[in-house]
Amino acid sequence: MLSAVKKRTAQLLDQPDEEGGLMRTPLIAANWKMHKTVPEAVAMLRDLLDRLGGQAPTDRRVLICPPFTALSAVRDVLDGTGIFWGAQNMHPAEEGAFTGEISARMLTDLGCSYVIIGHSERRHIFGESDAFINQKVHAAFAHGLTPILAVGEKIEQRRAGEHEAVVEAQLAQGLEGVSAEQARTLVIAYEPVWAIGTGETATPEDAQAMHAFIRGWLAARFGDDVAQQVIIQYGGSVKPNNVDALMAQPDIDGALVGGASLHAESFARIIQFQ
Ligand SMILES: O=C[C@H](O)COP(=O)(O)O
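Residues numbered from 1 in each chain as written. Predicted model: local features only at pLDDT ≥ 70, side-chain atom pairs only at ≥ 80, totals over all residues. Heavy atoms only, no water.

Participant: Would you take a moment to explain the pairing of strand 7 (residues 231–235) for this structure?
Facilitator: In terms of burial, strand 7 is largely enclosed, as five of its five residues are buried. Alternating residues of strand 7 divide into Ile231, Gln233 and Gly235 and Ile232 and Tyr234, and every residue in both groups is buried. Pairing analysis gives four bridges linking strand 6 (residues 187–190) to strand 7, with the strands arranged parallel. Note that in strand 7 the partner of isoleucine 188 across the bridge is isoleucine 232. Pairing of strand 7 with strand 8 (residues 254–257), which is carried by three bridges, proceeds in the parallel orientation. Within the sheet, the bridge partner assigned to glycine 235 lies in strand 8 and is leucine 256. (Buried < 20%, exposed > 50% of the residue type's maximum accessible area, 1.4 Å probe, protein only. Helix = DSSP H or I, 4+ residues; strand = E, 2+ residues; numbered from the N terminus. Pairing = 2+ DSSP bridges.)

Below you can see the structure in the form of structure tokens.
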């Protein structure tokens, strides 16, 4: 039945649709990575809000993940606008001698709703393991943060036909010990590593195929009803000129946007996908 699941946009967030079915509210997220000072962050968001008429759209969810240093200022600008803010990473411990790290408590103290966990740059540049990522997922849930678990294969793994196996292993290990009730609120971001920051996007069909595979895995692990509620974002060179085709795919429920989220004009257009 999963192939029959249609993405539906809601007039009111998180409400059952008119058919009594489950719906997935699209989630468009900005991952600013290591970009923007506080004044730059504030200026971009004011520009973005102007372009959106001062408020988040009601039929899709918008999330900004700035660097830690800008979170407080981002909260001050976004509070009351309906746009969410979150973090790009966190440490799984409550607190302690972890120089340079940030805990879930610190993020919720700043009003964060989401945290990106297991981004490929954390996995491949900073050597984060699936076991460590799994600890972060549990810590996020324990503090009421929604984890955005990022998964995706490298180009050599795709060429070798290993992409589904790679993603399956990342899901299985990253979600070890997660309950069905927790999984219901989860976000997965599929980001093929070869498409990140390269301008090379997966075709809508290739992305859809992997998203359907991920939803099938979630259904087998947590049940169909849970799988139908999980938001699965695509990330990797999402731009104004390709977002519509990507978002038209039935299992692509949102976008995790890097480069094109840094500028108000391009990010506003992505938010306003058709
Ligand atoms: O988290 C975002 C992704 O890494 C995508 O980045 P990109 O849009 O610059 O390719």
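Resuming the write-up.
Participant: Help me understand the sheet that holds strand 3 (residues 84–87), please; the structure alone is not making it clear to me.
Facilitator: Backbone-to-backbone hydrogen bonds join strands into a sheet, with any given pair of strands oriented parallel or antiparallel. Reading around the circumference, 1-2-3-4-5-6-7-8 is the order of the eight strands in this closed barrel, with parallel pairing throughout. For this sheet, the mean inter-axis angle between neighbouring strands, taken without regard to orientation, is 25°. Relative to strand 6, strand 5 (residues 146–151) runs parallel, the two sharing four bridges. Its bridge partner being in strand 6, valine 151 is matched across the sheet by tyrosine 190. (Axes fitted to C-alpha atoms, helices over the stretch in contact; angles between N-to-C directions.)

Participant: Mind showing me how you'd approach the environment of alanine 73 here?
Facilitator: By the element assignment, alanine 73 lies in helix 2 (residues 71–78). As a C-alpha pair, alanine 73 and valine 38 span 35 residues in sequence and 6.6 Å in three-dimensional space. Once residues within four sequence positions are removed from consideration, alanine 73 is found in contact with Val38 and Val42. (Contact = heavy atoms within 4.5 Å.)

Participant: Which parts of the structure should I look at to understand the nonpolar core?
Facilitator: Burial of nonpolar side chains together is a common tendency in soluble globular proteins. With 74 residues, the main nonpolar core has Leu48, Ile64, Leu175, Ile188, Ile214, Leu218 and Phe267 as its most contacted residues. Top element by residues in this core is helix 9 (residues 204–222). It accounts for seven residues. Leaving out residues up to four positions away in the same chain, isoleucine 214 has contacts with Val151, Val167, Leu171, Ile188, Tyr190 and Ile232. (Core = buried A, V, L, I, M, F, W, Y, C linked by side-chain atoms within 4.5 Å.)

Participant: Sorry if this is basic, but what is going on with the UniProt feature "binding site: substrate" (unreviewed entry) in the protein chain here?
Facilitator: With numbering matched to this structure, UniProt assigns "binding site: substrate" (unreviewed entry) to Asn31, Trp32, Lys33, Gly197, Ser237, Gly258 and Gly259. Sequence-wise these annotated residues cover 229 residues; spatially they are packed, their C-alpha atoms never more than 13.9 Å apart. Mapped onto the secondary structure, tryptophan 32 falls in the loop between strand 1 (27–31) and helix 1 (38–51). Setting aside chain neighbours within four positions, we find tryptophan 32 in contact with Ala41, Met44, Leu45, Ile64, Cys65, Pro66, Pro67, Val74, Gln88, Ser261 and Leu262. Looking at the secondary structure, you find glycine 259 in the loop between strand 8 and helix 12 (264–271). Look at glycine 259 and you get partly exposed, because its relative accessible area is 45%. (UniProt positions renumbered as here; feature names shortened; annotations may be inferred.)

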